[in-house]
Amino acid sequence: STLTAAIAAAGLSSTFTGTTRYTVFAPVNSAFAALPAGTVDALLQSGNLSTLQALLTNHVVAGDVRANTLQDGQVLTTLGGKSL
């Protein structure tokens, strides 16, 4: 639910609708809760929109990526243009 709220706050909800499949490398709510107090709230503020968008898009790759299909040395490119 924290990730869903962040996607909405970043204005990225429409990016993840439709038929395109994505793989999201994201923490669960308990991991978000373990961040220093105020971190998530600060990211969700409208003044941090570009930071939030970059953070989220750098944790998503197009396609259906499964752990058992990853290969040593494989490079994935995130929606934010970063290499994983």
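Structure report, in brief. Computed from a predicted structure; not experimentally measured.

Things to note about the overall build of the chain
Check the secondary structure of the chain and you find four helices and two strands. Based on the C-alpha atoms only, the size of the chain along its principal axes is roughly 35 × 30 × 20 Å. A separation threshold of at least 6 residues defines the contact pool for the chain, and within that pool the share at least 24 residues apart is 58%. Accessible surface computed for the chain: about 5600 Å², of which carbon and sulfur atoms make up 55%.

Overview of the packing of helix H1 (residues 2-9) against helix H4 (residues 49-57)
For the pair H1 and H4, interaxial distance at closest approach is 9 Å and the crossing angle is 125 degrees. On the basis of their axis angle, the class for H1 and H4 is oblique. Considering how the two elements wind past one another, H1 and H4 form a crossing that is left-handed. Only Leu49, Leu52 and Leu56 of H4 make contact with H1, whose side of the interface consists of Leu3, Ala6, Ile7 and Ala9. Looking at the contact of H1 with H4 residue by residue, the classes come out as seven nonpolar, no polar and no charged.

Re the nonpolar core
Ala6, Ile7, Ala10, Leu12, Leu43, Leu52 and Leu56 together form the largest nonpolar core, which totals seven residues. Residue assignment for this core shows that the elements contributing at least two residues are H1 and H4. In this structure Leu43 touches Asn48, Thr51, Leu52 and Leu55, once residues within four positions along its chain are discounted.

Here's the deal with H1
Taken as a whole, H1 has its buried residues at Thr2, Ala6 and Ile7. Buried residues of H1 fall within an arc of 135 degrees about the axis and therefore sit on the same side. Buried residues in H1 make contact with helix H2 (29-33), helix H3 (39-43) and H4. The first or second residue beyond H1 is Gly11, which carries a positive phi of 75 degrees.

Regarding the environment of Val60
Assignment of secondary structure puts Val60 in strand S2 (residues 60-62). Among the residues examined, Val60 registers a relative accessible area of 3% and is labelled buried. Measuring from C-alpha to C-alpha, the distance between Val60 and Gly81 comes to 9.9 Å, with 21 residues separating the pair along the chain. Dropping the residues within four chain positions of it, Val60 is found in contact with Phe16, Tyr22, Thr23, Val24, Thr77, Thr78 and Leu79.

Observations concerning the side chain of Asn58
Structurally, Asn58 can be placed in the loop between H4 and S2. Among the polar contacts made by the side chain of Asn58, one reaches the main-chain carbonyl oxygen of Ala54 at a distance of 2.9 Å. Looking at Asn58, its side chain comes within polar contact range of the side chain of Thr78, at 3.0 Å. Non-local contacts of Asn58, meaning those with residues more than four positions away in its chain, are made with Thr78, Gly80, Gly81, Lys82 and Leu84.

Rules used throughout
Residues numbered from 1 in each chain as written. Predicted model: local features only at pLDDT ≥ 70, side-chain atom pairs only at ≥ 80, totals over all residues. Heavy atoms only, no water. Helix = DSSP H or I, 4+ residues; strand = E, 2+ residues; numbered from the N terminus. Contact = heavy atoms within 4.5 Å. Areas by Shrake-Rupley, 256 points an atom, 1.4 Å probe, with all protein chains shown as cover. Axes fitted to C-alpha atoms, helices over the stretch in contact; angles between N-to-C directions. Parallel < 35°, antiparallel > 145°, perpendicular 65-115°, else oblique. Left-handed = near helix turned anticlockwise from the far one by under 90°. Nonpolar A, V, L, I, M, F, W, Y, C, P; charged D, E, K, R; others polar. Core = buried A, V, L, I, M, F, W, Y, C linked by side-chain atoms within 4.5 Å. Buried < 20%, exposed > 50% of the residue type's maximum accessible area, 1.4 Å probe, protein only. Arc of directions from axis to C-beta. Polar contact = N/O pair within 3.5 Å; in protein donor to acceptor, adjacent residues only side chain to side chain.

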